[in-house]
Amino acid sequence: MEIFDECLRRIDNLEHRARMDEVLNWVIKTFPNLMPVVKWNQPMFTDHGTYIIGFSAAKHHLAVAPERAGMIHFANEIEEAGLEHTKELVRFNWDNPFNYVLLEKMITFNILDKADCTTFWRK
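Nothing here was measured: the structure is a model prediction, and the numbers come from that model.

### Re the layout of surface pockets
Within this model, the largest pocket holds a volume of roughly 200 Å³. What lines the largest pocket is a set of 16 residues, among which Cys7, Arg10, Ile11, Ser56 and Ala57 lie closest to the centre. In terms of residue count, the dominant contributor to the lining of the largest pocket is strand E3 (residues 50–57) (3 residues). Taken together, the residues of the lining of the largest pocket sort by class into 8 nonpolar, 5 polar and 3 charged.

Printed below as a string of C-alpha cells:
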C-alpha cells in the first residue's frame, strides 16, 4: 500500500522489507475496516481514530506494539510462543515464521477493547 512505501524504503535489508510488506498487507486484507496511517515514522493501524497496532523494523526483528493492555492480555501466549518482548512491544525475529495467529488475536482484542475509546491511546 502506498501509504507505507516510505517506511518500507527505509528498511535496507530486502528480505526484512519484504516481510514487513507482507505483514502490513496481511493486516489490510484481514482487517479492511482499519485505517492504515504513518505516525512517528512508523506504520500503524487505527479504528475510529484510536490506535490499534503499530509496527517497526529493527536489525534482528519486526516489532509489534499492541499497547500495554494488549501486552498484559497476551503475556502468557507471548511467553509460550517464545517471543522476546518488552512492556510495550513483541519482537518477531526476522528468521522465524511470522505468528499471524497471535497478531490476529492482538488486533481483534484491541478493536473490541477500544470500541468506545475516544482517544488515540488508552487512558
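### Details of the packing of aromatic side chains
Applying the stated criterion across every chain yields a total of 12 aromatic pairs. Judged by centre distance (5.6 Å) and plane angle (65 degrees), the ring pair of Phe4 and Phe45 falls under edge-to-face. Taken together, the residues span a long stretch of sequence, with Phe4 in the segment before helix H1 (5–9) and Phe45 in strand E2 (residues 42–47) at a distance of 41 residues. Relative accessible area serves as the criterion here: at 1%, Phe45 is assigned to the buried category. With 4.8 Å between their ring centres and 85 degrees between their planes, Phe120 and Trp121 make a pair best called edge-to-face. Through successive ring pairs, a cluster of aromatic residues spans Trp26, Phe31, Phe92, Phe98 and Tyr100. Over the ring of Phe120 we find Lys39; its NZ or CZ atom is 5.5 Å from the centre of that ring.

### Comments concerning the pattern of salt bridges
Applying the stated criterion across every chain yields a total of 6 salt bridges. With a shortest N-O distance of 4.0 Å, Arg91 and Glu84 are connected by a salt bridge. What makes Arg91 partly exposed here is its relative accessible area of 25%. Overall, Glu84 belongs to the exposed group, its relative accessible area being 53%. Each of Glu67, Asp113, Lys114 and Arg122 takes part in salt bridges that share partners, so that together they form one network.

### Some thoughts on the environment of Phe109
On the secondary structure map, Phe109 appears in helix H5 (residues 100–113). Judged by its relative accessible area of 17%, Phe109 falls in the buried class. In this structure the C-alpha to C-alpha distance between Phe109 and Gly70, which are 39 residues apart in sequence, comes to 7.3 Å. Dropping the residues within four chain positions of it, Phe109 is found in contact with Ala69, Gly70, His73, Phe74 and Arg122.

### A word on the environment of Thr30
Examined against the element boundaries, Thr30 turns out to sit in helix H2 (residues 14–30). Look at Thr30 and you get partly exposed, because its relative accessible area is 29%. Taking the C-alpha atoms as reference points, Thr30 and Glu104, 74 residues apart in sequence, are found 8.3 Å from one another. Only 2.7 Å separates the side chain of Thr30 from the backbone oxygen of Trp26, close enough to count as a polar contact.

### So, the UniProt feature "domain: YdhG-like" (unreviewed entry) in the protein chain
UniProt feature "domain: YdhG-like" (unreviewed entry): in the numbering of this structure it lies at residues 16–111. Across residues 16–111 one finds 42% helix and 31% strand; the C-alpha atoms that close the span lie 27 Å apart.

What counts as what
- Residues numbered from 1 in each chain as written.
- Predicted model: local features only at pLDDT ≥ 70, side-chain atom pairs only at ≥ 80, totals over all residues.
- Heavy atoms only, no water.
- 1 Å grid on protein atoms, 1.4 Å probe; cavity = no way out; pocket = protein on both sides within 12 Å on 5 of 7 lines; lining within 4 Å.
- Points joined across faces, edges and corners; volume = space filled by probe spheres on them.
- Helix = DSSP H or I, 4+ residues; strand = E, 2+ residues; numbered from the N terminus.
- Nonpolar A, V, L, I, M, F, W, Y, C, P; charged D, E, K, R; others polar.
- Phe/Tyr/Trp six-rings, centres within 6.5 Å; stacked < 30°, edge-to-face > 60°.
- Buried < 20%, exposed > 50% of the residue type's maximum accessible area, 1.4 Å probe, protein only.
- Lys NZ or Arg CZ within 6 Å of the ring centre and 35° of its normal.
- Salt bridge = Lys/Arg side-chain N within 4 Å of Asp/Glu carboxyl O.
- Contact = heavy atoms within 4.5 Å.
- Polar contact = N/O pair within 3.5 Å; in protein donor to acceptor, adjacent residues only side chain to side chain.
- UniProt positions renumbered as here; feature names shortened; annotations may be inferred.

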